[in-house]
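Descriptive analysis of the structure
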Amino acid sequence: MLVTMKEILERAKKEGYGVTAPNVQSEDTARAVIEVAESLNAPMIVDVNAFIHPDLPWFVGFIRELAEKASVPIAINLDHGKTYHDIMLGISSRFTSIMVDRSNLTYEENVQETKEVVKMCHCLGITVEAELGHVGQGENYEIDGVSNLTIPEEAASFIKETGVDCLAIAVGTAHGRYKGVPHIDFERLEAIAKACGDTPLVLHGGSGTGDENLAKAVRNGIQKVNLATELVVAGKENLEEFMKDSNFDKWKLMHAFIEGYKERLIHYVKLFGQENKAWK
Ligand SMILES: [Zn+2]
């Protein structure tokens, strides 16, 4: 069942659970994500980067077809739309949700550009995610982990001014691999959640953040958790294990990667309480 991300996240907010948003990078991983959702009777958000596929409209069409046939609610989200081109490509590729990432700009510029995207997307029934504060890179964690964190009052006014459906916030997570130990500013998260009322909140950089931190973040106001690196690493490790046997079955090679990827995703679906939350 193909749905908007707004439907998925508003339910999650009301019922107090988190939803994984795995970044898919191929037909195989997209199918794997939807299979996991169906096997656990869970709603799911499929995150797709604009640069990930040579033919994005075709790729989104492929995921839409899988989603329409699926027994559980599935949303398809353009991750990190950084340019006007990304947004237009996302709309024409028929995503059910688009992230407009102008988190590198000033507050005023971010408001102005996000507002414009919201205006276009809402006319078309597309959910919009934006980012306020800036989630940086794990390899630069010493600096990125403590700078450009989201200010609660700004988050509240940003939502009011832009009409955005959900908001990605910076509270100490980072993309990719952490260089150092991740430290989440839970006090800030709670203050943001309080200030933002009913608007769902998004955590980028879930990989490597740790079960305890992520589960606590979900309990304290996060509804969507983006995951990429950790799923791919789990797939790679399973593949390496499979290939240790020099007589490995060549027909099962891709399967070995996918199995590792799926297993890690299942772990998070269960951790965030997303299992059995699908509706008809
Ligand atoms: Zn991200």
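Everything below is about the structure shown above.
Here we summarise the structure given alongside this text. (Residues numbered from 1 in each chain as written. Predicted model: local features only at pLDDT ≥ 70, side-chain atom pairs only at ≥ 80, totals over all residues. Heavy atoms only, no water.)

1. Description of the packing of aromatic side chains
- In this structure the tally under the stated criterion is seven aromatic pairs.
- Ring centres of Phe 59 and Phe 62 lie 6.5 Å apart, and the angle between their planes is 10°; this geometry places the pair in the stacked category. In this pair, Phe 59 and Phe 62 are both assigned in helix α3 (residues 56-69), three residues apart and thus about one turn of the helix distant.
- Since its relative accessible area comes to 0%, Phe 59 is described here as buried.
- When the centroid spacing of 5.6 Å and the interplanar angle of 50° are considered together, the rings of Phe 242 and Phe 248 count as tilted.
- For Phe 242, a relative accessible area of 23% gives the class partly exposed.
- These aromatic residues form a ring-pair network of at least three members: Trp 58, Phe 59 and Phe 62.
- Above the ring of Trp 279, the side-chain terminus of Arg 11 is found at 3.9 Å from the ring centroid. (Phe/Tyr/Trp six-rings, centres within 6.5 Å; stacked < 30°, edge-to-face > 60°. Helix = DSSP H or I, 4+ residues; strand = E, 2+ residues; numbered from the N terminus. Buried < 20%, exposed > 50% of the residue type's maximum accessible area, 1.4 Å probe, protein only. Lys NZ or Arg CZ within 6 Å of the ring centre and 35° of its normal.)

2. Points about the packing of helix α10 (residues 229-243) against helix α11 (residues 253-271)
- Two numbers describe how α10 lies on α11: the axes approach to 7 Å, and their chain directions differ by 135°. When the axes of α10 and α11 are compared, the pair comes out oblique. At the point where α10 passes α11, the crossing takes the right-handed sense. Of the residues in α11, those in contact with Glu 230, Leu 231, Val 232, Ala 234, Gly 235, Lys 236, Asn 238, Leu 239, Phe 242 and Met 243 of α10 are Leu 253, Ala 256, Phe 257, Glu 259, Gly 260, Tyr 261, Arg 264, Leu 265 and Tyr 268.
- Here the contact of α10 with α11 is composed, by residue class, of 12 nonpolar, three polar and four charged. (Axes fitted to C-alpha atoms, helices over the stretch in contact; angles between N-to-C directions. Parallel < 35°, antiparallel > 145°, perpendicular 65-115°, else oblique. Left-handed = near helix turned anticlockwise from the far one by under 90°. Contact = heavy atoms within 4.5 Å. Nonpolar A, V, L, I, M, F, W, Y, C, P; charged D, E, K, R; others polar.)

3. Let's talk about the pattern of salt bridges
- Taken as a whole, this structure holds 11 salt bridges when the rule is applied.
- In this structure, Lys 6 and Asp 165 form a salt bridge, with 3.5 Å as the shortest nitrogen-oxygen distance. One end of the pair, Lys 6, is in helix α1 (residues 5-15); the other, Asp 165, is in the loop between α7 (152-162) and β6 (166-169), with 159 residues separating them in the sequence.
- Its relative accessible area of 35% is what places Lys 6 among the partly exposed residues. (Salt bridge = Lys/Arg side-chain N within 4 Å of Asp/Glu carboxyl O.)

4. Some details on the nonpolar core
- Counting residues in hydrophobic clusters, the biggest one holds 69 residues, and the most contacted among them are Val 24, Val 48, Ile 63, Ile 74 and Leu 167.
- The biggest single contributor to this core is α3, with seven residues.
- For Leu 167, the residues in contact, after removing those within four places along its chain, are Ala 130, Glu 131, Leu 132, Ala 155, Phe 158, Ile 159, Thr 199, Pro 200, Leu 201 and Val 202. (Core = buried A, V, L, I, M, F, W, Y, C linked by side-chain atoms within 4.5 Å.)

5. A few points about the pairing of strand β8 (residues 222-227)
- The buried fraction of β8 amounts to six of the six residues, a majority that puts the element mostly inside the structure.
- Pairing analysis gives four bridges linking strand β1 (residues 19-24) to β8, with the strands arranged parallel. Pairing of Pro 22 across the sheet is with Leu 227, part of β8.
- Pairing geometry for strand β7 (residues 201-203) and β8, over three bridges, is parallel. Within β8, the residue paired with Leu 203 across the bridge is Val 225. (Pairing = 2+ DSSP bridges.)

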